[in-house]
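Coordinates in review
Here are the chains, one letter per residue:
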Amino acid sequence: VDWYKNHEFYATDTFLDIGVVMLKFHPICYFHVFILGMLLAKLRQLLDKQAVASKHGCFSWRNPYNVALQFVAPMGYLALFLVFSV
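Residues numbered from 1 in each chain as written. Predicted model: local features only at pLDDT ≥ 70, side-chain atom pairs only at ≥ 80, totals over all residues. Heavy atoms only, no water.

Looking only at helices and strands, the protein features 4 helices and 0 strands. Listing each helix as α and each strand as β along the protein from the N terminus yields α-α-α-α. By residue count, 13% of the 86 residues in the protein fall in the buried class. Of the contacts formed within the protein by residues at least 6 apart in sequence, a portion of 8% connects residues at least 24 apart. Summed over its atoms, the accessible surface of the protein is roughly 7500 Å², and 72% of this surface lies on carbon and sulfur atoms. (Helix = DSSP H or I, 4+ residues; strand = E, 2+ residues; numbered from the N terminus. Buried < 20%, exposed > 50% of the residue type's maximum accessible area, 1.4 Å probe, protein only. Contact = heavy atoms within 4.5 Å. Areas by Shrake-Rupley, 256 points an atom, 1.4 Å probe, with all protein chains shown as cover.)

Before going further, it helps to examine the layout of surface pockets. What the largest pocket holds in volume is close to 760 Å³. In terms of lining residues, the largest pocket is bounded by 25 residues, among which Val33, Leu40, Gly76, Tyr77 and Leu80 are the most central. Those elements that provide at least two residues to the lining of the largest pocket are α2 (15-25), α3 (31-53) and α4 (64-85). Each residue belonging to the lining of the largest pocket can be placed in one class, and the counts come to 20 nonpolar, 3 polar and 2 charged. (1 Å grid on protein atoms, 1.4 Å probe; cavity = no way out; pocket = protein on both sides within 12 Å on 5 of 7 lines; lining within 4 Å. Points joined across faces, edges and corners; volume = space filled by probe spheres on them. Nonpolar A, V, L, I, M, F, W, Y, C, P; charged D, E, K, R; others polar.)

This part takes up a nonpolar patch on the surface. A surface patch of nonpolar side chains, about 620 Å² in accessible area, is lined by Phe31, Phe34, Ile35, Leu36, Met38 and Leu39. Following the sequence through the fold, Leu39 ends up in helix α3. (Patch = residues over 30% accessible without salt bridge, like charges linked within 9 Å, V, L, I, M, F, W, Y side chains within 5 Å. Salt bridge = Lys/Arg side-chain N within 4 Å of Asp/Glu carboxyl O.)

This is the structure in structure tokens:
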């Protein structure tokens, strides 16, 4: 991460400064976030169907799909928070 230390905020004098701005703010650089978001939405949709079909009931804590929906999503949000706050 030595190349990032040479970057000066609010400066566009060097190619490094312009490259850092491109990496941080260009929409193409966030295409993977869009794709992963769509995949997670589809997973959530599939898990909802499995939770409804479970023998324990949709809202039971003995239902493994309900546990996945309640705890995995907040962990994903925590990971996103850590990635974007560093």
